[in-house]
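# Examination of the molecular architecture
Listed below are the residues making up each chain.
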Amino acid sequence: MPATTEKEKEKENKTGALDIIFGSQHRSLKALLNRSSKCSSKLLNSSDGDTSNQLIACLSAFANSVVARCSKILQIPAQELQQRFETELPESVKQPSSYAKNFLEFCSYLALFQLSRRPDYLSKKEFRRLSYDVMLAWEAPDAESESLTKETTSGSNQQSEDEDGWSLFYSSSTKTAVQVDEEKTVGPEAFARIAPACAAVADIITVHNLFEALTSSSGHRLHFLIYDKYLRSLDKVIKSAKNASGPTLFSNLQLVEGEIILDIDGTVPTQPVLQHVGISAWPGRLTLTNYALYFESLGVGLYDKASRYDLATDMKQVIKPELTGPLGARLFDKAVMYKSTSVSEPVYLEFPEFKGNSRRDYWLDICIEILNVHKFIRKYNLREVQQSEALARAILGIFRHRAVREAFRIYLSQYKSLLAFNLAESLPGGDLISEALYKCLSLLNTSAIQDDVPVSSSAEQNLKIFPVSLFTLSRHGLILQKEAVMNGEAIFPVGDVWVGETNPLEMAVKQSIWHKGKAEAAQATVDQVKVEGIDTNVAVMKELLFPVIVCAERLLLLASWEDPVKSTVFLLLTGFVIIRGWMRHFNKGKPLEAFRVTPPPHRSAVELLLALQDGISQIEGIIQAGNIILLKIRAILFAMLPQATDTVSFLLVFMALILAFCPIKYITILILVEAFTRRMPLRKDSSDRLVRRVREWWIRIPAAPVQLIKTDSKKKKK
């Protein structure tokens, strides 16, 4: 008994501050809720009778406190908010099982929007605290779920206490904070439902990746310390972007209307940016906007005229990581290559740093994001507000990516990117995300001005979706389209989050994330079998091509007539094929004309050595890629992925039947028609979709394992 009493006292000492504040209210509310299991609209007035302290029976004590704060922000009594919820939203979101959670969403979306209309709301503690508390309340909106959450938490706390005695000596302050106050952490579902309500905080396409990035060091539970640090960093990034468009820099770059500076690098002497053109390199300042890259070479105390590298117009741009070094040597993997029809030769932008290539990777990601959003705009022929909303979504994604990078120094893989359009390009089935996003953008409406719009997924609301990202940028002083800002000043923007419902864009994201696991697992096998060095890659390729080499040796054996019977049969079959006309001579005895080749321009010895090094690197890359193809074919042949093997088997059987029963001329005509009509307007979308599906299928196939056996050097010497 004494031991039990001591443990109970320890648990009481570890109770959070919010439990102490709302403990008495919770006990009285729980007694009333036990009498009725159904959620009713009855209000329980507190002892002082103040309207602001009115409690709703179906909500937990903490959820009631959150609703009271929302009521105070909106200057609307909680009872009136509940009446609006009852009358304005469809019956599907008012079911007893989800009533409390949906009503909490309704109140919080209204309150968060009202707070986000205020200047510098990200820097206000009220917004940061309320948005986080709404997530906490969402996980336990009613008394039943609140008590269940407390029991689970106390059980985990007891287990943790038994294992390590509540030790506070953790490797990081984040883990320590989460362990000390484990009851006040947020899970992924609550974050995904509440955070996208503010377009600056999260995007519904990347919200799950954002949660993983923020909780990578805290056991996948979000603590307020991490969330608060993220919002402070985001506020700092947005303000720096706003201040970057100063009069001096604006005049140097000659930006057009609606062009926003997203980031600048190369202004610090210890972190320069070098532009390589040919074998020359110049330091300077690099600027990214939502339309182009600008590089200003550093002159004598001043910057020269900026070179503009377009990202918006279709100029066959190619942006990829590249190796650079002195005099054009390929030594350091710290550069980004830009190539398009507007430049005569590729431009290399190097980001020198002592360790790693995080600067290069960051600039590569954000440049490709701008390139991808303009590809998306051109593909769906977006205009005016739709185009501005797509650009605003990409810009806010870059701000979030930069905020997480500066606050937590986290590297994100391609499948966990915080950039929406990059993620749509890399995820399996990402084209479905793009299509769902286009459907949402096609429903944009900024002409109807209303004071308040109910946040539901009813058919009426589907016709009243507003450009929330565009309005968010305008509230932060970053104007993309002035007309839309004027028309939308009094509008409640209904965007990606709907009360109690999942919109089509969110469903497409969840479906793509479901396929992401297989792609990541297959990519991990590919990374494992990649080896460095030409000699090692050649050795791997020889082993993979061993069956082909054996076939060639057998053909040579037949040609040597060591076994006359086999050689005779082979000769007769080959002669029959030739006599039947299956192999024809196209030249028919005409003299062969000389093959004309234009020699490359004369190069110096240094340039020849650099070209040789570049050629060797390209050959190594080709051999490496060939090995990956052969290893995946080997995996299909040995059924490492049975579904892929079955698919290939059915395809080969189908092709065999066609070759067996269809004349060659018809097959040739079919191939010709298919190849020449692939880019027709009628077939372009379906052809692109088919190519993407085949590419995604190929990516999901794992590579067969490779074991490198090192020879014993001592035996070699003997």
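Predicted model, so just to flag it, every value in this text is computed and none were measured.

Next up on the list: the overall build of the protein chain. Along the backbone of the protein chain there are 28 helices and 12 strands. Looking at the protein chain residue by residue over its 718 residues, the buried ones come to 43%. Surface accessibility of the protein chain: about 40500 Å² in total, with carbon and sulfur atoms responsible for 59%.

A separate point is the side chain of Asn 290. Relative to the assigned elements, Asn 290 resides in the loop between β7 (280-289) and β8 (292-297). Excluding residues that lie within four positions of it along the chain, Asn 290 makes contacts with Gly 258, Glu 259, Ile 260, Leu 262, Ile 370, His 374, Leu 391, Ile 395 and Leu 480.

Another point: the nonpolar core. If you look at the biggest cluster of nonpolar residues, it comprises 134 residues, and the most contacted ones within it are Phe 191, Val 201 and Phe 399. Residue contacts for Phe 399: discarding those within four places in its chain leaves Leu 234, Val 237, Ile 238, Ala 241, Leu 262, Leu 473 and Leu 478.

Applying the stated criterion to the full structure yields 27 salt bridges. Note that Asp 133 and Arg 69 form a salt bridge whose closest N and O atoms lie 2.8 Å from each other. With a gap of 64 residues between them, Asp 133 in helix α7 (residues 125-139) and Arg 69 in helix α4 (residues 61-74) connect regions that are remote in the sequence. For Asp 133, a relative accessible area of 4% gives the class buried.

The next point concerns the confidence of the model for the protein chain. Averaged over the protein chain, the pLDDT score is 76; the fraction of residues at 70 or greater is 73%. For the protein chain, helix α3 (residues 23-33) is the element with the lowest average pLDDT, namely 35, and helix α14 (residues 358-379) is the one with the highest, namely 95. In this model residues 486-493 is a low-confidence stretch, pLDDT under 50, and it forms 27 contacts with partners more than four residues away in sequence or in other chains.

This paragraph deals with the environment of Cys 70. Considering the arrangement of structural elements, one finds Cys 70 in helix α4. C-alpha separation for the pair Cys 70 and Leu 115, spaced 45 residues apart in sequence, amounts to 9.8 Å. Look past the residues within four positions of Cys 70 in its chain and what remains in contact with it is Cys 107, Ser 108, Ala 111 and Leu 130.

The next thing to look at is the pairing of β7. In this structure, strand β5 (residues 261-265) lies alongside β7, joined through 4 bridges in antiparallel fashion. Along β7, the bridge assignment pairs Asp 265 with Leu 286. As paired strands, strand β6 (residues 273-277) and β7 are joined by 5 bridges and run antiparallel to one another. When the bridges of β7 are listed, His 276 appears paired with Ala 281. Counting the residues in the hairpin turn of β6 and β7 gives 2 residues, including Gly 278, whose phi is positive at 70°. Where β7 meets β8, 5 bridges bridge the pair, whose relative direction is antiparallel. From the neighbouring strand, Gly 284 faces β8, where its bridge partner is Ser 297. Counting the residues that bridge the hairpin from β7 to β8 gives 2 residues.

Turning our eyes to something else, we now look at the packing of aromatic side chains. Taken as a whole, this structure holds 14 aromatic pairs when the rule is applied. Here Tyr 132 and Phe 224 contribute two aromatic rings whose centre-to-centre distance is 5.3 Å and whose plane-to-plane angle is 65°, an arrangement assigned as edge-to-face. Placement of Tyr 132 in helix α7 and of Phe 224 in helix α12 (residues 224-244) is noted, with a sequence separation of 92 residues between them. Exposure class is identical for Tyr 132 and Phe 224. Each is buried. Ring centres of Tyr 309 and Tyr 338 lie 5.3 Å apart, and the angle between their planes is 50°; on these two criteria the pair is classed as tilted. Of this pair, Tyr 309 sits in strand β9 (residues 307-310) while Tyr 338 sits in strand β11 (residues 332-339), placing them 29 residues apart in sequence. Like Tyr 309, the residue Tyr 338 is buried in the burial classification.

Next up on the list: helix α11 (residues 207-214). Taking burial as the measure, the 8 residues of α11 include 6 buried ones, the bulk of the element. Taken residue by residue, α11 has Val 207, Asn 209, Leu 210, Phe 211, Ala 213 and Leu 214 as its buried positions.

A cluster of nonpolar side chains, Ile 629, Ile 633, Leu 637 and Phe 638, forms an exposed patch at the surface whose accessible area comes to about 430 Å². Here Phe 638 shows up in the loop between α24 (605-637) and α25 (642-661).

Backbone geometry at Asp 120 places phi at a positive 55°, although glycine is not the residue there. Taking relative accessible area as the criterion, Asp 120 reaches 43% and is therefore assigned partly exposed. A positive phi angle is found at Arg 409, which is not glycine, with a value near 55°. Within the secondary structure layout, Arg 409 lies in the loop between α15 (384-408) and α16 (420-426).

Rules used throughout
- Residues numbered from 1 in each chain as written.
- Predicted model: local features only at pLDDT ≥ 70, side-chain atom pairs only at ≥ 80, totals over all residues.
- Heavy atoms only, no water.
- Helix = DSSP H or I, 4+ residues; strand = E, 2+ residues; numbered from the N terminus.
- Buried < 20%, exposed > 50% of the residue type's maximum accessible area, 1.4 Å probe, protein only.
- Areas by Shrake-Rupley, 256 points an atom, 1.4 Å probe, with all protein chains shown as cover.
- Contact = heavy atoms within 4.5 Å.
- Core = buried A, V, L, I, M, F, W, Y, C linked by side-chain atoms within 4.5 Å.
- Salt bridge = Lys/Arg side-chain N within 4 Å of Asp/Glu carboxyl O.
- pLDDT = per-residue confidence, 0-100.
- Pairing = 2+ DSSP bridges.
- Phe/Tyr/Trp six-rings, centres within 6.5 Å; stacked < 30°, edge-to-face > 60°.
- Patch = residues over 30% accessible without salt bridge, like charges linked within 9 Å, V, L, I, M, F, W, Y side chains within 5 Å.

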